[in-house]
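Chain by chain, the residues run as shown.
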Amino acid sequence: MTNSRLRSNVATLFDVCCQVGAGGDEIIILQKYPEDFQDESILKAIRQFAFPCGMETSDETDAVQLFTFVLTDAQSCYTFGYCRFTPRNNTCICILSGLPWTNLFYKFLNHISNVVNNGTQDDFEAILTNAYHIEIPNIGENLSLTACPPNWRFSEVISDVNKLPTLREDKFMLEFYNAMTEKQMIFLYASLLKERRIIFTSQKLSQLSSCVFAAVRLLFPFYWQNLFIPILPSDLTDMLMAPMPFVIGVPKKTFQNLRRTELGDLVIVDLDTKTFESAHHDILPADALAFLKNQLKNASDMFLSDGLARSFLRTNVLIFGKYRLGLIKTENLSTVTWDRHKFVREQRPSLQPFLDTLMGIDGVQYFERFIEERLKVINSGLPIKDEFETEITYMDRNTDWKAIQSNQTEMLQQAVASVKENASDVFGALKDRVQAISIKDKFGKFTPKEVRRHKIKSQHKKKNIQPLFVDNTIFDFDNPLARRGENNDEIEEAVAANSETGSVESEDLIDLSDTPTQPDELHTARSLPSIPPKPVHLHPTSSANTLLEHLTKPPLPPPRNTSKIASQPPTYNSLGFNPFEIQPQTSNQLNWNSDTLMRVQTTPTTFMIAPSVPDVTQSSQPQNSNLVERKSPQKWEKFD
């Protein structure tokens, strides 16, 4: 299927060929062929578009530029203006033609420029006369200009513009591929499907026009039906105010003089800075987006193949390939019509919202024109054969593509749901891990080096050190229950004796005196059988004040009964530390006892880190009284 915007009344290879240059302060046509061409509106347009920025060149370099502009007639058909601009002499050779043969005319322009610079005026007229009167060749045939001097002959094969372009053979696609990233191409493609107001800008006219032409080719097999201006002259900037979809290329000097606030919502592609700006949030359906990315990633050699163009073609097939579902037959079965609502209803659920926005009330113009042309062919009974239909047939027969179409959305939805479900757990676990590392670092700062080394060695031995507990029955050796290693008969006799007297002599649980323990007593205490530790047991009638009194009162003399297992309960000296003493603090770090630290570290569950406390060594009150009388609340930080 050919482009509906092409002229059907093309009779010659070109309409007119002009050499445009500066004539003082204005742009004039230096020479033209045929000389009897007198359409002033077209000649004025040639002067405007050949120098879109006026007498000032749009590019500061001296490189020759080949670019193309478009003139639209009353039937919305295109006339292409192929230009070769030479900054050195500030001239431009322009050829107007209704044929979309860009490669042919660019080569022909280079040939004509060579004739102008190195040949005679007769040579120039001879080659143009031969090209103007030659019969237009068909696709694949050779265009040969032989009715001219032998050294200026020209020959070129006409390429098929209906085939998918390759980067090697198509200048437009090559410039586009080098100027934009794949991500920007996908965003641009979504904006084209939504028919947005799109502006391209660049300093180089050749790059600007090439990218504009290549952008609309992403819609193939559809063709852009709205305003299309690859190169916008500086005196036609009012076209940017048009409240309709357009694709316009604006030279950078002209674009810098625009007031962006007056232009409304735009999509702006800056080819110099490689940036993409959009006032809209246009995205493809999830399955179509994943499919397009996969096609671009897995495409074969982009330069030698049509991988770039075919990736977007297959995405169009994925979105619009079921267009026949919207076709309905009339009652007399003589003609086929189109129902856009039926077309949307018959699509996959993942595509229905996107297609519903595209169809709207009137539908997007490129798809509506496509359906009109398809209906003409179907009702005429002619076969439809093009790249679009070929890809549709291939996708219907290929089971892998069917799996992609049917399962892509479900897979994406499951992945998103899984991420949402596990996100809180992942962040919670990460937070706990960070807190655990922080706690370990804080405790490590308060641990002496020798204790750290001892701890590392003990971890390899896997010793189970029990935490420190205070049990009345362990240290009260007058209590018969403490003699767990003796005979049960002796324990019963002792309990009976206590019962007869009616009272049991009360003694301190721990001797707080500074009296050193004799070696034999210490040996006896250490030789006691191992008893599992128990938590502190208080009498039901005991209170906190009672316990504090026991802790602060002077030590009692040793027990009078020396026949007991131990003559004296072990003092805190035998333990190696005073568990009830507040260590003095001389700096921001706590002065921990090594044995205390080892025991505390083996205690499980929650750690409590206390803030710094005043130096009790400088207080005039005793340590124990200071502990009892302190009533100011302390703030604690809890680390789980």
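Residues numbered from 1 in each chain as written. Predicted model: local features only at pLDDT ≥ 70, side-chain atom pairs only at ≥ 80, totals over all residues. Heavy atoms only, no water.

Within an unreviewed UniProt entry, the label attached to the protein reads UDENN domain-containing protein, and the organism entered is Acrobeloides nanus. The UniProt entry for the protein carries this comment under Subcellular location (unreviewed entry): "Cytoplasmic vesicle, Clathrin-coated vesicle". (UniProt positions renumbered as here; feature names shortened; annotations may be inferred.)

1. Structural notes on the sheet that holds strand β9 (residues 227-229)
Strands sit in the order β9-β10-β8-β11-β12 across an open sheet of five strands; the sheet is mixed. Looking at strand neighbours, the two that pair on one side only are β9 and β12 (275-278), the edges of this open sheet. Within the sheet, the average angular offset between the axes of one strand and its neighbour, ignoring direction, is 20°. For strand β8 (residues 197-202) and strand β11 (residues 267-270), the ladder comprises four bridges, and the chain directions are parallel. Paired with I199 across the strands is I268, a residue of β11. Packing of helix α5 (residues 182-193) onto the sheet brings it into contact with β8, β10 (246-251), β11 and β12, and relative to β12 it is tilted by some 30°. (Pairing = 2+ DSSP bridges. Helix = DSSP H or I, 4+ residues; strand = E, 2+ residues; numbered from the N terminus. Axes fitted to C-alpha atoms, helices over the stretch in contact; angles between N-to-C directions. Contact = heavy atoms within 4.5 Å.)

2. What about the pattern of salt bridges?
With the rule as written, the count across this model stands at 21 salt bridges. Of the charged contacts in the structure, one is a salt bridge between R348 and D287, with a shortest N-O distance of 3.2 Å. Taken together, the residues span a long stretch of sequence, with R348 in the loop between α10 (340-345) and α11 (352-359) and D287 in helix α8 (residues 286-298) at a distance of 61 residues. Linked by salt bridges that have partners in common, D306, R310, R314, E387 and E391 make up one network. (Salt bridge = Lys/Arg side-chain N within 4 Å of Asp/Glu carboxyl O.)

3. Section: the pairing of strand β1 (residues 16-23)
Counted residue by residue, β1 has six buried out of eight residues, so it is predominantly covered. Pairing between β1 and strand β5 (residues 91-97): six bridges, direction antiparallel. Along β5, the bridge assignment pairs V20 with C92. For β1 and strand β2 (residues 26-33), the ladder comprises seven bridges, and the chain directions are antiparallel. Paired with C18 across the two strands is K32, which belongs to β2. Hairpin connection of β1 to β2: two residues between the antiparallel strands, including G24 at a positive phi of 80°. (Buried < 20%, exposed > 50% of the residue type's maximum accessible area, 1.4 Å probe, protein only.)

4. Side note on the confidence of the model for the protein
The predicted coordinates should not be examined in detail at positions where pLDDT is low. For the protein, per-residue confidence averages 74 on the pLDDT scale, and residues scoring 70 or more make up 60% of the total. Every residue in residues 536-541 is under pLDDT 50, and counting partners more than four places away or in other chains gives three contacts. Taken together, the stretch residues 562-568 has pLDDT below 50 and engages in 14 contacts with residues farther than four places along the chain or on a different chain. (pLDDT = per-residue confidence, 0-100.)

5. Quick word on a negative patch on the surface
Side chains of E35, D36, D122 and E125 sit close together on the surface and give a patch of like negative charge. Position of E35 among the secondary structure elements: in the loop between β2 and α1 (40-50). E35 gets classed as exposed once you look at its relative accessible area, which sits at 57%. (Patch = residues over 30% accessible without salt bridge, like charges linked within 9 Å, V, L, I, M, F, W, Y side chains within 5 Å. Areas by Shrake-Rupley, 256 points an atom, 1.4 Å probe, with all protein chains shown as cover. Lys, Arg positive; Asp, Glu negative; His and termini not counted. Charge placed at Lys NZ, Arg CZ, Asp CG, Glu CD.)

6. Re the side chain of S209
With respect to the helices, strands and loops of the structure, S209 is situated in helix α6 (residues 205-216). Contacts of S209, omitting those with residues within four sequence positions, involve F67, T68, P230 and I231.

7. A word on the sheet that holds strand β4 (residues 78-86)
Ordered in space as β2-β1-β5-β4-β3, the five strands form an open sheet in which the pairing is antiparallel. Each of the sheet's edge strands pairs with one partner strand only, and the pair in question is β2 and β3 (65-72). Each adjacent strand pair in this sheet contributes to an overall mean axis angle of 25°, direction not counted. Inspection of the sheet shows β4 paired to β5 by seven bridges, in the antiparallel sense. Residue R84 lies in a different strand from β5, and its bridge partner there is I93. Relative to β2, helix α3 (residues 121-133) is tilted by about 70°, and along the sheet it contacts β1 and β2.

8. Observations regarding unusual backbone geometry
The residue after Y33, namely P34, is reached through a cis peptide bond having omega 0°. Along the chain, P34 turns up in the loop between β2 and α1. The omega angle of the peptide bond from F220 to P221 is 20°, so this bond is cis rather than trans. Topologically, P221 is positioned in the loop between α6 and β9. Even without being glycine, K274 reaches a positive phi, approximately 55°. As for its placement among the helices and strands, K274 is situated in the loop between β11 and β12.

9. Points about the pairing of β3
Across the eight residues that make up β3, a large majority, seven, are buried. Sheet analysis places β3 next to β4, joined by eight bridges and oriented antiparallel. Looking at the pairing, T68 lines up with Y82 of β4. Where β3 hands over to β4, the hairpin turn is made up of five residues, of which S76 adopts a positive phi near 60°.

10. Observations regarding the nonpolar core
Counting 132 residues, the largest nonpolar core has F200 and F367 as its most contacted members. Once residues lying within four places of it in the same chain are set aside, the contact partners of F200 are M180, L188, L208, C211, V212, A215, V247, I248, G249, V250, V269 and L271. (Core = buried A, V, L, I, M, F, W, Y, C linked by side-chain atoms within 4.5 Å.)

11. Considerations on α1
Within α1, burial applies to L43, A45, I46, Q48, F49 and A50. Looking at the buried positions of α1, the neighbouring elements they touch are β1, β2, β3, β5 and β9.

12. As for the packing of helix α9 (residues 307-320) against helix α13 (residues 387-397)
Two elements in contact, α9 and α13, have axes separated by 10 Å at closest approach and are oriented at 65°. In terms of orientation, α9 lies roughly perpendicular with respect to α13. As α9 packs across α13, the resulting crossing turns out to be right-handed. Contacts between α9 and α13 pair R310, L313, R314, N316, V317, L318 and F320 from the former with E387, F388, E391, I392 and M395 from the latter. Classifying every residue of the contact of α9 with α13 by side-chain character gives seven nonpolar, one polar and four charged. (Parallel < 35°, antiparallel > 145°, perpendicular 65-115°, else oblique. Left-handed = near helix turned anticlockwise from the far one by under 90°. Nonpolar A, V, L, I, M, F, W, Y, C, P; charged D, E, K, R; others polar.)

13. Some thoughts on the packing of aromatic side chains
Here the structure, examined in full by the defined rule, presents 31 aromatic pairs. Aromatic side chains Y78 and F228 sit 5.8 Å apart centroid to centroid with 35° between the ring planes, which places their arrangement in the tilted category. Of the two residues, Y78 sits in strand β4 while F228 sits in strand β9, which places them 150 residues apart along the sequence. Taken individually, Y78 and F228 each receive the classification buried, so the pair is uniform in this respect. Among the aromatic residues, those joined into a cluster by ring pairs are F222, F320, Y323, W338, F343, Y366, F367, F370 and F388. (Phe/Tyr/Trp six-rings, centres within 6.5 Å; stacked < 30°, edge-to-face > 60°.)

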